[in-house]
Amino acid sequence: MGKQPAGSSQTSVLHPKGSPEWTNVLGVRVSAVNLKSATGIIQKAIEDGRKEYVCVRDAHGIVRCQDDPELRSIHNRAFLVTPDGMPLVWALKRAGHVESDRVYGPDLMLSVFDAGSSRSLRHFLYGATAETLEQLRARLIAKFPQARIVGSYAPPFRKLSTREETEIADRLNRSGADIIWVGLSSPKQELWMARMRDRLEASMLIGVGAAFDFHAGLKRQAPRIIQRSGFEWAFRLLCEPRRLWRRYARVVPTFISLTAFQRLGLRKFPIEDAAFGSSAPKAAAAKV
């Protein structure tokens, strides 16, 4: 995984923390993975006793990182930043990572549950509401009867106090979970994972956002053909126009214009050394 693919103009290097090759998409390290490889990498990290977090990222999240250095740094410190949106998959392929494919949050969750059943991995569900968690747990157990779900918790919809965070960390640690699935909105879930990572004993924190609502049967997913087309945002906009129109009115033109600047070399989007220290290897801008 540490070798640069033939014919790639991207200086693709092994992540300092041992995760796969990556491509610089607007200053964010996007991991060169597909669903199968991401699942295997996560399993191996758990077996090795590592303590990491995974960001499942789409174009919207990449655009948010442009105006938020803290959020960008959180992504660049992650063990994996999986390509949740097709534009990120296309960027990886153009950079020479031909085996890369979409790692959609809901699909990743099911894949890891499936692979972990035979290994008795212990899962904790954190986020959403108590009602959503109840339905989610029931549906996951029905699909994966051998899955070990060791707990769930619906946090309040407000900023947690220091005492509350300590109590939650204790609760999560007592559960003995190997994986904590984080179903909060973005960027709340990424901020939470980065803030809590050193306080939690679980090997892996994975932020999957709306996957909780999808698998609980509360929200409709786009048909697979739309997911693969790169126009899933349009499907979601049609489903929730009042909530999402402002988001996509900004995200779509911003992502297209910035990636054009990066491809043409008109603007640089460096990976800041601050993410890993001054000795971190650098990558050239990807041809996205």
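Residue indices follow the written sequence of each chain, beginning from 1 at its first position. Local features in a predicted model are, by the rule used here, given only for residues with pLDDT of at least 70; side-chain atom pairs are given and counted only at 80 or more, and totals for whole chains, interfaces and linings are based on all residues. Side-chain numbers here rest on the full set of heavy atoms in the structure, without hydrogens or water.

This part takes up the sheet that holds strand β3 (residues 52-57). Any two strands with at least two DSSP-identified bridges between them are counted as paired. Helical segments are the DSSP runs of H or I of at least four residues, strand segments are the runs of E of at least two, and each set is numbered from the N terminus. Strand order in the open sheet formed by six strands is β4-β3-β8-β7-β5-β6, and the pairing between neighbours is parallel. Two strands lie at the open edges of the sheet, namely β4 (80-83) and β6 (148-153), each paired on one side alone. Between one strand axis and the next, the sheet turns by 20° as a mean value, whatever way the strands run. In this sheet, strand β8 (residues 204-207) lies alongside β3 in parallel orientation, the contact comprising four bridges. The residue of β8 that forms the bridge with Glu52 is Met204. It only takes one pair of heavy atoms within 4.5 Å for two residues to be counted as in contact. Comment: axis = line fitted to C-alpha atoms, over the contacting stretch for helices; angle = value between 0 and 180 degrees taken between N-to-C directions. In this fold helix α1 (residues 35-47) packs onto β3, β4, β7 (179-183) and β8, with an angle of close to 150° to the strand it touches most, β8.

Turning to the packing of aromatic side chains, a few remarks are in order. Pairs of aromatic rings are described using the distance from one ring centre to the other and the angle between the two planes. Two aromatic rings from Phe, Tyr or Trp, using only the six-membered ring of Trp, form a pair when their centres are within 6.5 Å; if the ring planes differ by under 30 degrees the pair is stacked, by over 60 it is edge-to-face, and anything between is tilted. Taken as a whole and assessed by the stated rule, the structure comprises four aromatic pairs. An angle of 20° between the planes, with centres 4.4 Å apart, marks the rings of Tyr126 and Trp192 as stacked. Separated by 66 residues along the polypeptide, Tyr126 in strand β5 (residues 122-127) and Trp192 in helix α8 (residues 188-196) bring together distant segments of the chain. The exposure classification of Tyr126 matches that of Trp192, with both residues buried. Over the aromatic face of Trp22 sits the side chain of Arg29, whose NZ or CZ is 4.4 Å from the ring centroid. Categorising residues by exposure relies on relative accessible area from a 1.4 Å probe, with only protein chains included: less than 20% of the type maximum marks a residue as buried, more than 50% marks it as exposed, and the intermediate range marks it as partly exposed. Counted as over-ring charges are cases with an Arg CZ or a Lys NZ within 6 Å of the ring centre that also lie within 35 degrees of the ring normal.

An α-helix turns once per 3.6 residues; consequently, residues spaced three or four apart project the same way. All of the buried residues along helix α3 (residues 69-76) are Leu71, Arg72, Ile74, His75 and Asn76. Contacts from the buried residues of α3 go to β2 (28-31), β3, α2 (59-66), β4 and α8.

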